[in-house]
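# Coordinate analysis (summary)
Residue-level listing of the chains:
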Amino acid sequence: MTMRVDPPEETIAGVLAKAFGNRSFLIGLVITLLIVAVALLSFIWTPYDVTKLVIADKTQAPSWAHWFGTDHFGRDILSMIMIGARNSIAVALVAVGIGMGIGVPLGAFAAARGGLADEALMRVNDLVFAFPALLSAIMITATFGPGAVNAIIAIGIFNIPVFARVTRAGALAIWPREFILAARAAGKGMTRISIEHILPNIATLLLVQGTIQFALGILAEAGLSYVGLGAQPPMPSWGRMLFDAQTRMVTAPWMAIFPGMAIVITVLGLNLLGDGIADILDPKSRRRR
Amino acid sequence: MTAYLLKRLIIAALTLVLASMVVFAVMEILPGDPARLMLGMNASAEQVEVLRDQMGLNAPLVLRYLRWAGGLLSLDFGRSYTYSVPVIDLVRERVVVSLPLALIALALSTIIAIPVGVFSASRQGRAGDTLTMGAAQLGVAVPNFWFALMLIYLFAVWLHLVPAGGFPGWGAGIWIALKSLILPAIALALPQAAILGRVARSALIEVLNEDYIRTARAKGLPYRAVLWRHALRNAMIPVLTILGLQFAFLLAGTIIIENVFYLPGLGRLIFQAITQRDLIVVESIVMLLVAAVILINLVVDFSYAIVDPRLRGRQ
């Protein structure tokens, strides 16, 4: 018979009540859902068709017809921002997936084994940390040419040591606990304990870190696309739109203002959400950022 | 303490060696033959083969790595395929733009962030704190290159206070040259300052709850003295850690920001090299920047020992 000695769980109702009393969680959640909704909406409807170039309408200032104005090809900026949201979310999400998918098992393994395996992992972490995402992206692009996939890989690689570190630190704190001892006494192996007992207990840590990395991924993707290492035209992306706007700051500043605001609002929403989750689930260990 | 420093030193050296192997490996798997690239498509196979021999491209893998790595140590990165000059000459020309920019930005970000963190922490929960941290939350979300565009719009296009881009060179006078680095430095520094300010605040708040702070207050020390002398010093460890990590972001940011302001730094060079497929320049700059990141983290590790006397006694 297995005995659960996990710390007492809070009731779902209790967590929910706290969630709806937390301002940054609420604002963050609303913004995030809004951006996701806009991205989903863009699959079935945008105000204008962005694949059509209407040169007669080029670089028009914001108006009732074009809320955010038009770009140098006469494309509607609002429509492009809506479609660009898809690209940003997809890249950041897959990059977080890569980071978690590889980093979490590595971190859990290092914490469980300790010793040489742990030391080796930390050194590899140091190595990857020495390559900022932009540098990896530059190397990957120099090798395979530019593209959205390479941006995903570069940001994903950068995420791996982040999740490995968080997982390792969280797991190390759980391993000495009594309920782990009980599980070992019941004959469970290292892998099974990691999956059944360690991971559920650090899930909130990973959730918070996931939100942070998601926000960072959106910023990184925008930066990479801006310098031409990310999504390639004609695929609309926020970073690329800012690149196009750069030489037209005098004549069409709205081309730069609105895509940038889309990035700021999205990242702000995700960061508030992450802060909120951290607060609600573990008020003591407030995230240091 | 010596043991601690020695360990950090060995780890940094090891990381550097591993990083150089990664960069070399990437260079190895690259399609395209540098000799063919230099001679052009019309060269005969024999000519290419002769040049390959001259360039040492036919040597065994390990030997080529050792040669390349040895070259790096003596700052000999090889010759640029497109400019036909030593890569180090190109780098030397550009680094005088990128390095000052990164350092000014780092200094600016620290000068802004520490007082902001102290201000916020000392007014925890009050209106001033909420307002500053709200602004910081916003600052964290702003991409630096977009912020740069907005700064150009405001200060260069509207107010004509500073040039919108370009760099006159240090020969034009220090003040004139600095003037064209002001906007790029602010664009780089403010988002970083937002992050650093938040770290400083939470580190300070944690320290301010410690017993020895109460003791210091109880013995009659004024709040200001406690805050600046005792609390800030103890809060420096997390601040320094983030500062070290930020330097990596700052270097990456410099590469992007240089493209916004048309500054002739390493960032511009690396993108020109990418489009011209001048891979040796790309690899050299990547290696240089990676080395800089590793070095800075080593400096941070060392500065822990200076800031935290407890580390000095530890063996």
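Secondary structure assignment for chain A yields 10 helices and 0 strands. Across chain A, helices and strands are ordered from the amino to the carboxyl terminus as α-α-α-α-α-α-α-α-α-α. The dimensions of chain A, computed from C-alpha atoms along their principal axes, are 75 × 50 × 30 Å. Residues classed as buried in chain A amount to 47% of the 289 residues present. In chain A, once contacts between residues fewer than 6 apart in sequence are set aside, the share between residues at least 24 apart is 71%.

Below, the discussion takes up the overall build of chain B. Each helix and strand counted, chain B has 14 helices and 0 strands in total. When the helices and strands of chain B are placed in sequence order, the string is α-α-α-α-α-α-α-α-α-α-α-α-α-α. Summarising its shape, the C-alpha atoms of chain B cover approximately 85 × 60 × 35 Å along the three principal directions. When burial is assessed residue by residue, chain B has 38% of its 315 residues classed as buried.

Residue and element names in this part refer to chain A. Running from N to C, helix α3 (residues 77-113) and helix α10 (residues 254-281) point in directions that differ by 35°, and their axes come no closer than 11 Å. In terms of crossing hand, the pair formed by α3 and α10 is right-handed. Contacts from I77, I81, G84 and S88 in α3 reach W254, M255, F258, P259, A262 and T266 in α10. For the contact of α3 with α10, a count of residues per class yields 7 nonpolar, 3 polar and no charged.

Across the boundary between the two partners, chain B contributes 43 residues, which contact 35 residues of chain A. A per-element tally of the side of chain B that touches chain A places helix α11 (residues 236-261) of chain B first, with 9 residues. Across the side of chain B that touches chain A, the residue classes break down as 38 nonpolar, 4 polar and 1 charged.

This part covers unusual backbone geometry. Residue P234 of chain A follows P233 of chain A across a cis peptide bond; omega there is 10°. Even without being a glycine, L75 of chain B presents a positive backbone phi close to 60°. Along the chain, L75 of chain B falls in the loop between α4 (61-73) and α5 (87-122). You will see that Y262 of chain B, though not glycine, has its phi angle at about 55°, which is positive. Relative to the helices and strands, Y262 of chain B is located in the loop between α11 and α12 (266-275). Exposure remark for Y262 of chain B: the 14 C-beta atoms within 10 Å place this residue in the partly exposed category.

A separate point is the domain arrangement of chain B. Residues and elements named next belong to chain B. The domain boundaries assigned to chain B delineate domain 1 (2-73) and domain 2 (95-312). Contacts between the two partners involve 13 residues from domain 1 and, on the opposite side, 12 residues from domain 2. Looking at which element gives the most residues to the side of domain 1 that touches domain 2, the answer is helix α1 (residues 2-29), with 11 residues. Classifying every residue of the side of domain 1 that touches domain 2 gives 10 nonpolar, 2 polar and 1 charged.

A few words on the environment of F249 of chain B. Inspection of the secondary structure puts F249 of chain B in helix α11. The spacing of F249 of chain B and L232 of chain B is 17 residues in sequence and 24 Å in space, taken between C-alpha atoms.

What follows deals with helix α10 (residues 223-234) of chain B. Residue and element names in this part refer to chain B. For α10, with 12 residues, the first-to-last C-alpha span of 15 Å sits near the 16 Å given by 1.5 Å per residue. By the burial criterion, the buried members of α10 are V226, L227 and A231. Buried residues of α10 fall within an arc of 95° about the axis and therefore sit on the same side. Exposed side chains of α10 directed beyond 90 degrees from the buried face belong to R224, W228 and R229. Packing partners of the buried residues in α10 comprise α5, α8 (174-208) and α9 (211-218).

We now examine α9 of chain B. Counting buried positions along α9 of chain B yields 0 of 8 residues, so the element is predominantly exposed. Downstream of α9 of chain B by a residue or two, G220 of chain B has a phi angle that is positive, lying close to 100°.

All names here are of chain B. Where helix α7 (residues 144-158) meets α11, the axes come as close as 9 Å, and the angle between the chain directions of the two elements is 30°. In this view, α7 runs roughly parallel relative to α11, as classed from their interaxial angle. In terms of crossing hand, the pair formed by α7 and α11 is right-handed. Here N144, F145, A148 and L149 of α7 lie close against α11, whose contacting residues are G253, I256, I257, V260 and F261. Its residues assigned to classes, the contact of α7 with α11 comprises 7 nonpolar, 2 polar and no charged.

All names here are of chain A. Overall, the prediction assigns chain A a mean pLDDT of 85, with 94% of residues at 70 or greater. Below a pLDDT of 50 lies the segment residues 1-8, which in the model reaches 7 contacts outside its immediate sequence neighbourhood of four places, other chains included. Predicted confidence for residues 285-289 stays below pLDDT 50, and this span has 13 contacts to residues more than four positions away or in other chains.

Ranked by size, the top nonpolar core spans 171 residues in total, and within it I138 of chain A together with A148 of chain B carry the most contacts. Each of domain 1 (2-73) and domain 2 (95-312) of chain B accounts for three or more of the residues forming this core. Discounting residues that sit within four places of it in the chain, I138 of chain A has contacts with L229 of chain A together with I270, I274, V282 and V286 of chain B.

Residues and elements named next belong to chain B. Confidence along chain B averages 83 in pLDDT terms, with 95% of residues attaining 70 or more. Element-level mean pLDDT values for chain B span from 63 in helix α14 (residues 309-313) up to 90 in α5. Here the predicted complex scores 0.85 on pTM and 0.85 on ipTM.

Our next topic: the environment of R123 of chain A. Structurally, R123 of chain A is set in helix α4 (residues 115-129). As for R123 of chain A and A164 of chain A, which are separated by 41 residues in sequence, their C-alpha atoms are 12 Å apart. Setting aside residues no more than four positions away along its own chain, R123 of chain A makes contact with I11 and L14 of chain B.

Take the environment of D118 of chain A next. Residues and elements named next belong to chain A. Here D118 is to be found in helix α4. For D118, a count of 17 C-beta atoms within 10 Å puts it in the partly exposed group. Residues D118 and L106, 12 residues apart in the sequence, show an inter-C-alpha distance of 9.2 Å. Residue contacts for D118: discarding those within four places in its chain leaves A110 and R113.

Procedures and definitions
- Residues numbered from 1 in each chain as written.
- Chains lettered and ligands numbered in written order.
- Predicted model: local features only at pLDDT ≥ 70, side-chain atom pairs only at ≥ 80, totals over all residues.
- Helix = DSSP H or I, 4+ residues; strand = E, 2+ residues; numbered from the N terminus.
- Buried ≥ 20, exposed ≤ 12 C-beta atoms within 10 Å, placed from the backbone.
- Contact = placed C-beta atoms within 7 Å.
- Axes fitted to C-alpha atoms, helices over the stretch in contact; angles between N-to-C directions.
- Left-handed = near helix turned anticlockwise from the far one by under 90°.
- Nonpolar A, V, L, I, M, F, W, Y, C, P; charged D, E, K, R; others polar.
- Domains from an automatic or database assignment.
- Expected span 1.5 Å × (residues − 1).
- Arc of directions from axis to C-beta.
- Parallel < 35°, antiparallel > 145°, perpendicular 65-115°, else oblique.
- pLDDT = per-residue confidence, 0-100.
- Core = buried A, V, L, I, M, F, W, Y, C linked by C-beta atoms within 7 Å.

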